[in-house]
Amino acid sequence: QVQLVESGGGLVQAGGSLRLSCAASGINFSRYAMGWYRQAPGKQRELVAQITSTGNTNYADSVKGRFTISRDNAKNTVYLQMNGLKPEDTAVYYCHGDRQWVLTKDDFWGQGTQVTVSS
């Protein structure tokens with residue numbers, strides 16, 4: 001059974017920091033691209049950051065220079081370090097993992113963790 005379990009969300013003042021963690025089980029973690037998405041009330045879910053199985057990263061323009069995604073394959077965990085938080089970063093943050101096979105694609109979602117940034 002595949003599970004992605006996020007932790008580390010919470011309430012923080014603007015300018016503060018949080019680190020989100022996503023622990024994966026039931027998959028060959030090192031083979032998966034991992035990402036963080038977020039969804040604010042009334043808005044569509046959007047990509048925040050991704051890290052490939054080889055460690056390449058990409059970020060949404062809105063978080064570049066403030067957020068850092070990383071992974072620890074030995075711990076089957078992906079992280080999102082969020083610095084310089086702004087009220088507009090308030091959202092539910094979801095962990096996502098995917099792997100492209102020859103003819104199919106696996107993808108999995110976590111249950112989400114709430115991040116609230118107060119002004």
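Read on for a plain summary of the structure. (Residues numbered from 1 in each chain as written. Predicted model: local features only at pLDDT ≥ 70, side-chain atom pairs only at ≥ 80, totals over all residues. Heavy atoms only, no water.)

## Quick word on the sheet that holds strand S3 (residues 18–25)
An order of S1-S3-S8-S7 is seen for the 4 strands of this open sheet, with the pairing classed as antiparallel. Only two strands of the sheet have a single neighbouring strand rather than two, namely strand S1 (3–7) and strand S7 (67–72). Taken over all neighbouring pairs, the strand axes of this sheet differ in orientation by 15° on average, direction set aside. Sheet analysis places S3 next to strand S8 (residues 77–82), joined by 6 bridges and oriented antiparallel. Bridge pairing links Ser21 to Tyr79 in S8. (Pairing = 2+ DSSP bridges. Helix = DSSP H or I, 4+ residues; strand = E, 2+ residues; numbered from the N terminus. Axes fitted to C-alpha atoms, helices over the stretch in contact; angles between N-to-C directions.)

## Some thoughts on the pairing of strand S11 (residues 113–118)
Going residue by residue along S11, you find Thr113, Val115 and Val117 tucked away on one face and Gln114, Thr116 and Ser118 left uncovered on the opposite face. Across 4 bridges, strand S2 (residues 10–13) lies against S11 in parallel orientation. Paired with Gln13 across the bridge in S11 is Ser118. Of the strand pairs in this sheet, strand S9 (residues 91–100) and S11 are connected by 3 bridges, and their pairing is antiparallel. Its bridge partner being in S11, Tyr93 is matched across the sheet by Thr113. (Buried < 20%, exposed > 50% of the residue type's maximum accessible area, 1.4 Å probe, protein only.)

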